[in-house]
Amino acid sequence: METAICGRVSIPPNPPFPPSKSGDRHRLNRKRLYWSSLANMSASAIGKGGGLLERPTIETTPGRESEFDLRKSKKTAPPYRVLLHNDNFNKREYVVQVLMKVIPGMTLDNAVNIMQEAHYNGLSLVIVCTQVDAEEHCMQLRGNGLLSSIEPDGGGC
């Protein structure tokens, strides 16, 4: 005897109805009661989160690209370099302190390396960022007595 499984409730192929005459009203009422109780049991047996999920439909507007394409086509601001120039006025320790105060995320090691490069080579790259941020960093460095400038990042040597 095979059974069909609906959700988590097994349904027998032949319901347990006593044989009766064809047209018996009581038999029809018992059938309706039996099938409705099975439907209620299967719905309650499925529980939270059970059941059939419908496939989501993805609607696209004609003539509009996806978000990925829009992000690709967005132009980013060209990068600028903030440069630190060597001077004979400020002590090395002070330069390191100012770099750590002005540039976000600047570590002690990076600040010392930038200061040393500016001291020995006369010029050092501090950070590469957008033009607005580069101008702000340059003004803050100058406001603390350091010599600095900005230039577009050419990407070359």
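Residues numbered from 1 in each chain as written. Predicted model: local features only at pLDDT ≥ 70, side-chain atom pairs only at ≥ 80, totals over all residues. Heavy atoms only, no water.

1. Topic: the overall build of the protein
- Of regular secondary structure, the protein possesses five helices and five strands.
- Reading the helices (α) and strands (β) of the protein from amino to carboxyl end gives β-β-α-α-β-α-α-β-α-β.
- With 157 residues in all, the protein has 22% of them scored as buried.
- The long-range share in the protein, meaning contacts at least 24 apart out of those at least 6 apart in sequence, stands at 63%. (Helix = DSSP H or I, 4+ residues; strand = E, 2+ residues; numbered from the N terminus. Buried < 20%, exposed > 50% of the residue type's maximum accessible area, 1.4 Å probe, protein only. Contact = heavy atoms within 4.5 Å.)

2. Some points on the sheet that holds strand β4 (residues 123-129)
- Spatially, three strands are ordered β4-β3-β5 in an open sheet, and the strand pairing comes out antiparallel. Of all the strands in the sheet, just β4 and β5 (147-152) have a single pairing partner and so form its edges. Direction aside, neighbouring strands of the sheet carry axes that sit 25° apart on average.
- Sheet topology places strand β3 (residues 80-85) next to β4; six bridges connect them, and they run antiparallel. Looking across to β4, one finds that Leu-83 is bridged to Leu-125.
- Sitting on the sheet, helix α4 (residues 108-121) touches β3 and β4, and the angle it makes with β4 is about 135°. (Pairing = 2+ DSSP bridges. Axes fitted to C-alpha atoms, helices over the stretch in contact; angles between N-to-C directions.)

3. Re the nonpolar core
- If you look at the biggest cluster of nonpolar residues, it comprises 19 residues, and the most contacted ones within it are Leu-84, Leu-99, Met-106, Val-126 and Leu-141.
- Mapped onto this core, the elements with two or more residues apiece are β3, α3 (92-102), α4, β4 and α5 (131-143).
- The biggest single contributor to this core is α3, with five residues.
- Leaving out residues up to four positions away in the same chain, Val-126 has contacts with Val-82, Leu-83, Leu-84, Leu-99, Ile-103, Met-106 and Ile-114. (Core = buried A, V, L, I, M, F, W, Y, C linked by side-chain atoms within 4.5 Å.)

4. Here we look at the packing of α3 against α5
- Where α3 meets α5, the axes come as close as 10 Å, and the angle between the chain directions of the two elements is 145°. The handedness of the crossing between α3 and α5 is right-handed. On α5, the residues that touch Val-98, Leu-99 and Val-102 of α3 are His-137, Gln-140 and Leu-141.
- Class assignment for the residues of the contact of α3 with α5 results in four nonpolar, two polar and no charged. (Left-handed = near helix turned anticlockwise from the far one by under 90°. Nonpolar A, V, L, I, M, F, W, Y, C, P; charged D, E, K, R; others polar.)

5. Some thoughts on the environment of Gln-116
- Turning to its location among the elements, Gln-116 is positioned in helix α4.
- Accessibility expressed as a relative area gives 25% for Gln-116, which makes it partly exposed.
- For the pair Gln-116 and Asn-86, spaced 30 residues apart in sequence, the C-alpha separation works out to 9.3 Å.

6. A few points about the pattern of salt bridges
- Evaluation of the coordinates by the stated rule reveals two salt bridges.
- Between Glu-151 and Arg-81 there is a salt bridge, with the nearest N and O atoms lying 3.4 Å from each other. Taken together, the residues Glu-151 in strand β5 and Arg-81 in strand β3 connect sequence positions 70 residues apart.
- Look at Glu-151 and you get partly exposed, because its relative accessible area is 31%.
- The salt bridge involving Asp-153 is made with Arg-81; its shortest N-O contact spans 3.0 Å. (Salt bridge = Lys/Arg side-chain N within 4 Å of Asp/Glu carboxyl O.)

7. A word on the confidence of the model for the protein
- For the protein, the mean per-residue pLDDT works out to 76, and 52% of the residues sit at or above 70.
- Here strand β1 (residues 4-6) stands out as the element of the protein with the lowest mean pLDDT, 50, in contrast to β3, whose mean of 97 is the highest. (pLDDT = per-residue confidence, 0-100.)

8. Points about the side chain of Asp-87
- With respect to the helices and strands, the residue Asp-87 is situated in the loop between β3 and α3.
- As a buried residue without a salt bridge, Asp-87 has its nearest oppositely charged side chain in Arg-92, at a separation of 9.5 Å.
- A distance of 2.7 Å separates a polar atom in the side chain of Asp-87 from a polar atom in the side chain of Asn-90. (Lys, Arg positive; Asp, Glu negative; His and termini not counted. Polar contact = N/O pair within 3.5 Å; in protein donor to acceptor, adjacent residues only side chain to side chain.)

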